[in-house]
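Chains, contacts and geometry: an overview
Listed below are the residues making up each chain.
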Amino acid sequence: MDWTNLLEIAETEQKRQKSIRVHCCTSTGCRAANSLSVKQNLDNAVAESGLGDRVEVIGVGCMGFCGRGPLVQVDPEDLLYEEVTPENAPSIIEALDGGEAKPIKGDSQHPFFSRQMKIVRQHTGKVDPERIEEYIAVGGYQSLYKALYEMTPEQVVSEIGKSGLRGRGGGGYPTGLKWATVAKMPGKQKYVICNGDEGDPGAFMDRSVLESDPHLVLEGMAIAGYAVGADHGYIYVRAEYPLAIQRLQKAIQQAKKYGILGSQIFESPFDFKIDIRIGAGAFVCGEETALIQSIEGKRGNPVPRPPYPAESGLWGCPTLINNVETFANIAPIIREGAEWYVSIGTKNSKGTKIFALTGKIRNNGLIEVPMGITLREIVEEMGGGVPNGEVKAVQTGGPSGGCIPASLLDTPVDYDSLNKVGSMMGSGGMVVMDRETNMVEVARFYMEFCRGETCGKCVPCRTGTVQLYSLLTKILNKQATKTDLEKLETLSYMVKETSLCGLGISAPNPVLSTLRYFPQEYLELIQEDSLNSKVTV
Amino acid sequence: MSVRTLTIDGQPVAAIEGATILEAAKEGGIHIPTLCFLEGVSAVAACRMCLVEVEGINKLLPACVTKVSEEMVVHTNTPKLQEYRRMVIELLFSEGNHVCSICVANGNCELQDLAIEVGMDHTRFPYRFPDRGIDVSHPQFGIDHNRCILCTRCVRVCDEIEGAHVWDVAQRGAAAYIVSGLNQPWGEVEACTSCGKCVDACPTGAIFRKGTTTSEKARDRAKLEFLVNAREKHEWTR
Amino acid sequence: MQSLTAEATKTQKSQSTPKKTSETDKRFKTLDITIKRNHYRQDALIEILHKAQESFGYLEPEVLEYVARQLKLPLSRVYGVATFYHLFSLKPSGAHSCVVCLGTACYVKGSGKIMAALEEELGIKAGETTPDDKISLMAARCLGACGIAPAIVFDGTVAGKQEPEMVLERIKAWQSKT
């Protein structure tokens, strides 16, 4: 496999593709709404109509508008159909030949789509994730080739550094710096790990990327391997994502077959293989040191850092660990250049971010937006606001994040601004809450989550979350006093400052942010007299 | 091997490169409270008692695993640290059933000592009164899970010094407990050599010798150090 | 190999079921293949437990012991790993399974109410199986199907936009089947 072969595959595929492409979403969301039968009926309709020479139906990844699935989109006219049923699906094909399409016509110019900027999700919903040829036809693996033949590893690292890309898993650590650290570490054996243990409730960006465009992630990992000097990569996916796992397995196989993964990639001296590791239901494994323990077949207990995985990670070797979305940004950056990437976003947050917009909102689904867009634009324009109600708060960052009140909706979405208002970017969950939502209950919901997901290794997180949960319950049961409220706050800071890993450090965030923005809701539940405050022994 | 100089609580201390803050402090005669730390086995930084403040770093660092660096300025006993240490102990007391007056380790218990050291006379958090069970199936020893603080010292001595790996942690979070074998009664675990190192390692009265009653638990902690020295340095001190 | 499997069944003193070995039980054969494919590597423990659960339905003590012996791992370590991860079950599950997603998006849209309705109807709590071994009720943290919240998984198939009545209907259909 060399450059000419790659172009040949692309050309053959482009020629093979029919002029009219009917994209039918076959990802988890639409699949649950029976999209596989929709696709089957679309296929049958094409066969019956005799349009097979110019029309093809392609099962694709997530188009983002998951709340209205199953979705079918027709190119080149860019027609969108929502809530398609197996019964009315054939009419979409008939409409190509003068008939009338019966399913609800979507508005592909709606702000939900038009305000998006797609870098990671550029080909999502357009390419068949189960065929590598389709990925190659849209320029796939050319960045890897370019990296291997036109750039030194140092140049790749410096390009990623210049792009300003920051970790998309939540922490926002500069990606280039991480790569440079691993690259500089001595040692023959190094590893690259892709963290696909997306555990934040209310977030499914990584699942969608893996299901819709797995090769984009594999290409990013391979480029990373070349840049830091690793020949082995692991991709850790949670077991709750069976379709993502299945598509990754297929993608790895196909890439190996073409000599794009494995030994002597593109006939260069660079070897890189990727193995999949499947999680087993532990949120804490999204924490990088816990994830490494899990890959080693152990309990997912985080270990103290330093040493950071970049110095001593998997089996004690220097290890680069990035999130799915971070790796998915790599190939576009190498292809278009760091300068292009720097032009997108804000001063300290470059590029785009995918969010899972859910909760009490009209338009549910996945959006990829440039950094710096405001929460208001996302929630009101793209999301269409709360049906029959008003926004009370937006929760970002999952159990590690915080609740941002409606009064701060003009906050721009970037790492620093979200931190400033007491929340965080997180991996990309964005849950909209309306006036009916009880914020103390929300805080307890997240504390219940952390209480159940703490590994139990360090004392503050193991026992602190239990005590915080009972304090919140006591408050909700209107049995708490002002002393309890003070205790809630003191203990929150203690758990935040003394816990061993990110889970414990961030577990009190939902409490602290709701205390900060919605103190009234707590106070309303507090017993005024302290008759009940007798020491509980 | 080069030397690093640092300041701990205003006192200049010299330590070998690669030493931890805890080792450096000990060398300088400065006491930092610890609980899950045990000389001779790996440090896990789980109890958070040894957290210290380091100037220029905005998070608290566990002294047992943090390496010294040149001109580091460490504070080991600030009001904040005192408050947090006390809270750790309070949380531990409310988590298990720690009734000193009827415990084998009374007067010989590291948890009790620390409670006194940090000035904990009561806990602000409600007791949880767990019902965790007791295993006395072993002919010589017993384990009372109600007194266990999950420091995992027993797990580490059994794995790292004795090599039998009888113990591990089962479940997770609040449900976590020390497990022997395949969740079998301790006495049925064939891997156990009855060496008693876990009894010596246990900081509380959770693992004890049978026949000992209130306040009678005696430990030979120095034996663990003796064994580690003998194995690693080939120096026999007893 | 034979002596190892004999070892594996030794702790099951009170059980009168016939001895399961790779010779008599096909499921152990499948497990053996997975172990061999992973070159008896200790770090493959989680992969192997996944496979074991797939073929045995749950991780019974003799399976855990068998895996531990084959990988030459301490028993307590294997038990610790098997109980750390939520997806591993050490108890047999019911003929049907119903998983309610309690992730944020589903919760905000009322999955908590669905769970409450199910618990009442079945008389069990999340994580339990009905006494007749028919239905296991479970809670999921997040299925990543937030766009179609609230989501429920019936016997492995995700269904979106559920309401308590719809879910109870499905459950009742299971209950009435014998």
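Residues numbered from 1 in each chain as written. Chains lettered and ligands numbered in written order. Predicted model: local features only at pLDDT ≥ 70, side-chain atom pairs only at ≥ 80, totals over all residues. Heavy atoms only, no water.

Observations regarding the interface of chain C and chain A
The partner chain A presents 48 residues to the 35 residues of chain C that form the contact. The junction of chain C with chain A conceals about 3300 Å² of combined surface from both sides, 57% of it contributed by carbon and sulfur atoms. Of all residues in chain C, Phe84(C), Thr104(C) and Arg141(C) give up the largest surface area on contact with chain A, accounting jointly for 21% of the area buried on that side. The interface formed by chain C and chain A includes four salt bridges. (Contact = heavy atoms within 4.5 Å. Buried area = accessible area lost by both parts, 1.4 Å probe. Salt bridge = Lys/Arg side-chain N within 4 Å of Asp/Glu carboxyl O.)

Quick word on the interface of chain B and chain C
Counting from both sides, the interface comprises 15 residues of chain B and, opposite them, 16 residues of chain C. At the boundary of chain B with chain C, the tally comes to zero salt bridges. One can count eight residue pairs in polar contact (both at pLDDT 80 or more) joining chain B with chain C. At the level of secondary structure, the elements contributing two or more residues to the side of chain B that touches chain C comprise strand E8 (167–170) and strand E9 (177–180) of chain B. Top element by residues in the side of chain B that touches chain C is E8(B). It accounts for four residues. For the side of chain B that touches chain C, the per-class residue count stands at seven nonpolar, five polar and three charged. (Polar contact = N/O pair within 3.5 Å; in protein donor to acceptor, adjacent residues only side chain to side chain. Helix = DSSP H or I, 4+ residues; strand = E, 2+ residues; numbered from the N terminus. Nonpolar A, V, L, I, M, F, W, Y, C, P; charged D, E, K, R; others polar.)

Some points on the domain arrangement of chain A
Residues and elements named next belong to chain A. Here the domain parsing of chain A yields domain 1 (18–114), domain 2 (139–342), domain 3 (353–434) and domain 4 (439–530). Listed by partner, the interface residues are 16 residues for domain 2 and 19 residues for domain 3. Across the domain 2/domain 3 interface, buried area totals approximately 1400 Å², and carbon plus sulfur atoms make up 61% of it. The tally of links from domain 2 across to domain 3 stands at two salt bridges. Note that Asp 416 is salt-bridged to Arg 166, the shortest N-O span being 3.9 Å. Inspection of the region where domain 2 meets domain 3 yields six residue pairs in polar contact (both at pLDDT 80 or more). Of the residues assigned to the side of domain 2 that touches domain 3, the class counts are six nonpolar, six polar and four charged. (Domains from an automatic or database assignment.)

Notes on the packing of aromatic side chains
The geometry of an aromatic ring pair comes down to the distance between the two centres and the angle between the two planes. According to the stated counting rule, one finds 24 aromatic pairs over all chains in the structure shown. Ring geometry for Phe112(A) and Phe113(A): centres 5.3 Å apart, planes at 85 degrees, overall edge-to-face. Judged by relative accessible area, Phe113(A) falls into the buried class, the value being 17%. Taking NZ or CZ as reference, Arg238(A) lies 4.9 Å from the ring centre of Tyr241(A), over its face. When the ring centre of Phe84(C) is taken as origin, the NZ or CZ atom of Arg172(B), which lies over that ring, is 5.3 Å away. (Phe/Tyr/Trp six-rings, centres within 6.5 Å; stacked < 30°, edge-to-face > 60°. Buried < 20%, exposed > 50% of the residue type's maximum accessible area, 1.4 Å probe, protein only. Lys NZ or Arg CZ within 6 Å of the ring centre and 35° of its normal.)

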